[in-house]
Amino acid sequence: MKSNVLSTAAVGAGLLAAGVAAQTACASVLVPSYSPPSVAPGWSAQLVVNGLKKPRSIQFDAGGGLLVVESGKGITRFTFKDNGGTCLAVDQAITVVADTTLNHGLALANDGKTLYASNVEAVFAWAYDPARGALLGDRRAVVANMSNNDLTTRTLLMSQAVPGQLVVSRGSAENYDVDALNKSSGLSQIRAFDLARLLDTHPPYNFNADGRVLGWGLRNSVGVGEHPKTGAIYSVENSIDGVKREGSDIDRSNPGEELNYHGFLNGTTAGQGGNYGYPNCFAVWDTNLPGTSTVAGGLHVGDQFSLVQNATLNDTTCAQQYVAPRLTLPAHFAPLDILFGDDGAQAYVSFHGSFDKTNPQGYRVSTIDFDPQRGTPLEPPSSTRALSRDIISNPGQAAQCPANCFRPVGLAWGPRGRLFVTSDTTGEIYVLSRDASSSSSSSSGTTATTSGSIVTATGKANGAAAALGRPALGVLGGVAACVVGGLMVL
Ligand SMILES: *[C@@H]1O[C@H](CO)[C@@H](O)[C@H](O)[C@H]1NC(C)=O
Ligand SMILES: *[C@@H]1O[C@H](CO)[C@@H](O)[C@H](O)[C@H]1NC(C)=O
Ligand SMILES: *[C@@H]1O[C@H](CO)[C@@H](O)[C@H](O)[C@H]1NC(C)=O
Ligand SMILES: *[C@@H]1O[C@H](CO)[C@@H](O)[C@H](O)[C@H]1NC(C)=O
Ligand SMILES: *[C@@H]1O[C@H](CO)[C@@H](O)[C@H](O)[C@H]1NC(C)=O
């Protein structure tokens, strides 16, 4: 596995890329056509691929190629001319799978020799040669029967802790979908399938009936990640849009998005398979909720609440019958991926951001701090400070979003501990690299610094971030760039 700590060689190049000398050091700078995102102090970033069709999930294969699902197109493999730091340029781009139905999910077998991808109906497998980036046969379905309207991505995660276990996440068929109350509908669920036991001749698993249910009542948990030290599975859920509580509109700041915990894939079932509330119960982000709660003492951040208070469904039902989130995140941030650093001290979460709000919000990659040994978040469930730091985000009020701005989706670690991020609406891939002076923070388990952006209790982001992609310098990166530091009003 790759380390998050930059190698000595990469550190030197990273410094160059971040400084004024970068103009000569990096000849391959691409500049975004829109107001560029900001990078946290201690990090540098560069746009390395553009012109893609809705790039979603990404992953490096064993041959060093970056596989990218382009929604509505297929899977493309990129190799780079790598000058270290963030100075990369595309060397070759080849089409691995031409299939316009593929829309998000991507995974590789533990030995790197089977490629998995998904469309709305099924997960497909291809024998794969990672040295050439070539398929070695026709596709076969390994999990099927998932078609529905509305939320159509099926996120894939191949376990590293328990080889062969493929986690598949499926959303609901409507914003508010009562069919998800029926467990055998398969809607709004995360299941794990043992592909090691699925013979080539066997029909695909039926998502709705087979596999291990990691959780249900999960509206649309697009991001799924595995903690590297413990094998704990976590997901990030996109919660409901545009709802009222007892007749009053609560959409501006509720419900919160969720980080949920789903136990382990090794046979231990503790903390696994429960119902997480949707479509009956949602997580409190802003405690200023209308209506009188049935819960004595009222509601706190992270409690589950109901949109109605009646004799069969109310806040008490939510507290007693459903699994509450491990952490609650700001409303409408739309988390789409969660990827742990190798040391297990941070999860990186991409937020696609809101698509229909008068105050656009989200649009960033942020960290959540974890206890590396226990594999649990450091913040308590009632915290509003789950996001310890924004690594890359849109400056100012993100007024140009969502139409014309960086909207992160897929995350992948690449060679030398660099983080690759797709932005689907702009058709791009960015690379992020830690600068030399801050590389030690990756093993300390703490990233929050005085200069990092912190989402506070009122949902405002403060702190400074360095502007990326300043054409005057011809360099995308942290150290030399100016500080923007405006308040982000959510
Ligand atoms: C597909 O799933 C539904 C439940 O949602 C089930 O009734 C049906 O039998 C399944 N079809 C197949 C071919 O497994
Ligand atoms: C639950 O969903 C399954 C599969 O779609 C269906 O066969 C069954 O009738 C549903 N049950 C109820 C109570 O709606
Ligand atoms: C599964 O992993 C967890 C975390 O490491 C551990 O506590 C548990 O004992 C393991 N269960 C089995 C059956 O190995
Ligand atoms: C309570 O509200 C839920 C959701 O609207 C509804 O399904 C249920 O029938 C209501 N129960 C009563 C007793 O009104
Ligand atoms: C809340 O719903 C539960 C059923 O889940 C019911 O037992 C309780 O009486 C309800 N509370 C109120 C105040 O209606």
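Up top you'll find the structure we're talking about.
Just so you know, the residues in each chain are numbered from 1, in the order the chain's sequence is written. Working convention: letters from A go to chains and numbers from 1 go to ligands, in the order in which they are written. Local features are withheld for residues below a pLDDT of 70 in this predicted model, meaning they are given only at 70 or higher, and side-chain atom pairs are given and counted only at 80 or more; totals for whole chains, interfaces and linings count all residues. For the side-chain quantities, the full set of heavy atoms in the structure was used; hydrogens and water were omitted.

Engineer: Just give me the short version of the state of the cysteines, but keep the residues and values in it.
Structural biologist: Any cysteine sulfur atom paired with another within 2.5 Å is treated as part of a disulfide. Scanning the model with the defined rule gives three disulfides in all. Residue pairing for Cys 26: its cysteine sulfur links by disulfide to Cys 87, the two sulfurs lying 2.1 Å apart. Residues Cys 26 and Cys 87 share a disulfide whose torsion about the S-S bond is about 95°; that sign makes it right-handed. Of the two residues, Cys 26 is situated in the loop between helix H2 (22-25) and strand E1 (38-39) and Cys 87 in the loop between strand E5 (74-82) and strand E6 (88-98); the sequence distance between them amounts to 61 residues. Exposed residues in this analysis have more than 50% of their type's maximum accessible area, buried residues have under 20%, and partly exposed residues fall in between, with area computed by a 1.4 Å probe over protein chains only. A residue is classified by how much of its surface remains accessible, and Cys 26, at 6% relative accessible area, is buried. In this model, Cys 281 is linked to Cys 318 through a disulfide, with the two sulfur atoms separated by 2.1 Å. Disulfide Cys 281 to Cys 318: torsion about the S-S bond roughly -80°, handedness left-handed. Residue Cys 281 is located in strand E22 (residues 281-283), and its partner Cys 318 is located in helix H3 (residues 315-321); the two are separated by 37 residues in the primary sequence. In the chain, numbering the disulfide-bonded cysteines from first to last in sequence yields the connectivity 1-2, 3-4, 5-6. Labels follow the DSSP assignment, with helices taken as runs of H or I lasting at least four residues and strands as runs of E lasting at least two, numbered in each case from the N terminus.

Engineer: Which residues make up the site of ligand 3, and what values go with them?
Structural biologist: Around ligand 3, the neighbouring residues are Thr 230, Phe 264, Asn 266 and Thr 268. The definition of a polar contact used here is a pair of N or O atoms within 3.5 Å, where within protein one atom must be able to donate a hydrogen and the other to accept one, and adjacent residues in sequence count solely through side-chain atom pairs. Here an oxygen atom of ligand 3 sits 2.3 Å away from a polar atom, N or O, in the side chain of Asn 266. The contact in question runs from a nitrogen atom of ligand 3 to an N or O atom on the side chain of Thr 268, over 2.6 Å. Note on areas: Shrake-Rupley with a 1.4 Å probe; residue coverage comes only from the protein chains shown. For ligand 3, whose unbound accessible area comes to 360 Å², protein coverage reaches 42%. In the scheme used here, Gly and all other residues not listed as nonpolar or charged are polar, with Ala, Val, Leu, Ile, Met, Phe, Trp, Tyr, Cys and Pro taken as nonpolar and Asp, Glu, Lys and Arg as charged. Across the shell around ligand 3, the residue classes break down as one nonpolar, three polar and no charged. When we say a residue is near a molecule or strand, we mean one of its heavy atoms is within 4 Å of it.

Engineer: Tell me about a nonpolar patch on the surface, and please be specific about residues and values.
Structural biologist: A patch consists of residues whose relative accessible area exceeds 30% and which take part in no salt bridge; residues with like charges are grouped when within 9 Å of each other, and nonpolar side chains (Val, Leu, Ile, Met, Phe, Trp, Tyr) when within 5 Å. Put simply, a salt bridge is a Lys or Arg side-chain nitrogen that is within 4 Å of an Asp or Glu carboxyl oxygen. A surface patch of nonpolar side chains, amounting to about 270 Å² of accessible area, comprises Tyr 176, Val 178 and Leu 181. On the secondary structure map, Tyr 176 appears in the loop between strand E13 (165-170) and strand E14 (189-194). On the accessibility criterion, Tyr 176 (40% relative accessible area) is partly exposed.

Engineer: Pulling in residues and values, what's your account of the site of ligand 4?
Structural biologist: The environment of ligand 4 is formed by Val 308, Asn 310, Thr 312 and Leu 313. At 2.4 Å from an oxygen atom of ligand 4 is found a side-chain nitrogen or oxygen belonging to Asn 310. Here a nitrogen atom of ligand 4 sits 2.8 Å away from a polar atom, N or O, in the side chain of Thr 312. Relative to its free-state accessible area of 360 Å², ligand 4 is covered by the protein chains to the extent of 42%. Taken together, the residues of the shell around ligand 4 sort by class into two nonpolar, two polar and no charged.

Engineer: Could you give an account of the side chain of Asn 314, with specific residues and numbers?
Structural biologist: Assignment of secondary structure puts Asn 314 in the loop between strand E23 (304-306) and H3. Given the relative accessible area of 11%, Asn 314 is considered buried. Within polar-contact distance, the side chain of Asn 314 engages the backbone oxygen of Asn 310 at 2.8 Å. In terms of polar contacts, Asn 314 uses its side chain to reach the backbone amide nitrogen of Thr 316, at 3.0 Å. Apart from the residues within four sequence positions on either side, Asn 314 is in contact with Thr 294, Ser 306, Val 308 and Gln 309. Should any heavy atoms of two residues lie within 4.5 Å, those residues are counted as being in contact.

Engineer: I'd like a description of the pattern of salt bridges, backed by residues and values.
Structural biologist: Where charged atoms from two side chains of opposite charge approach closely, those side chains can pair. Tallied over the full model, the rule gives 13 salt bridges. A salt bridge links Arg 418 to Asp 82, with the nearest nitrogen and oxygen atoms 2.6 Å apart. On the criterion of sequence distance, the pair formed by Arg 418 in strand E31 (residues 418-423) and Asp 82 in strand E5 is long-range, its members being 336 residues apart. Judged by its relative accessible area of 1%, Arg 418 falls in the buried class. Relative accessible area serves as the criterion here: at 30%, Asp 82 is assigned to the partly exposed category. Here Asp 356 ties to Lys 357 by a salt bridge, and the two come within 3.3 Å at their closest N and O atoms. Each of Asp 241, Asp 251, Asp 356 and Lys 357 takes part in one network of salt bridges that share partners.

Engineer: Quick rundown of the sheet that holds E5? Include the residues and the values.
Structural biologist: In this analysis, strands are considered paired if DSSP registers two or more bridges between them. Spatially, E3-E4-E5-E6 is the arrangement adopted by the four strands of the open sheet, whose pairing is antiparallel. A strand with exactly one partner marks an edge of an open sheet, and here the two such strands are strand E3 (55-60) and E6. Taken pair by pair, the neighbouring strands of this sheet meet at an average axis angle of 25°, ignoring direction. Pairing geometry for E5 and E6, over nine bridges, is antiparallel. Note on E6: the bridge partner recorded for Phe 80 is Val 90. To get an axis, fit a line to the C-alpha atoms, keeping to the stretch in contact for a helix; angles then go from 0 to 180 degrees between the N-to-C directions.

Engineer: I'd like a description of the nonpolar core, backed by residues and values.
Structural biologist: Within this scheme, the nonpolar core is defined by two criteria: the residues are buried Ala, Val, Leu, Ile, Met, Phe, Trp, Tyr or Cys, and they are joined through side-chain atoms within 4.5 Å. Residues Trp 43, Tyr 348, Ile 392, Leu 411, Leu 419, Val 421 and Leu 432 are the most contacted members of the largest nonpolar core, which totals 18 residues. Every element with two or more residues in this core is listed here: strand E2 (43-49), strand E29 (389-393), strand E30 (408-414), E31 and strand E32 (428-434). If you tally residues by element for this core, the top one is E2, at three residues. With sequence-adjacent residues up to four places away left out, Leu 419 is seen in contact with Leu 339, Tyr 348, Leu 411, Ala 412, Trp 413, Tyr 430, Val 431 and Leu 432. Ranked by size, the runner-up nonpolar core spans 17 residues in total, among them Ala 109, Val 123, Phe 193 and Leu 195.

Engineer: Describe in detail the sheet that holds E31, supporting the description with residues and values.
Structural biologist: The four strands are arranged E2-E32-E31-E30 in an open sheet whose pairing can be described as antiparallel. The open sheet is flanked by E2 and E30, the only strands paired with a single partner. Put simply, the sheet's adjacent strands are angled 25° from each other on average, direction ignored. Summarising the sheet, E31 and E32 pair through five bridges and their orientation is antiparallel. Paired with Ser 423 across the bridge in E32 is Glu 428.

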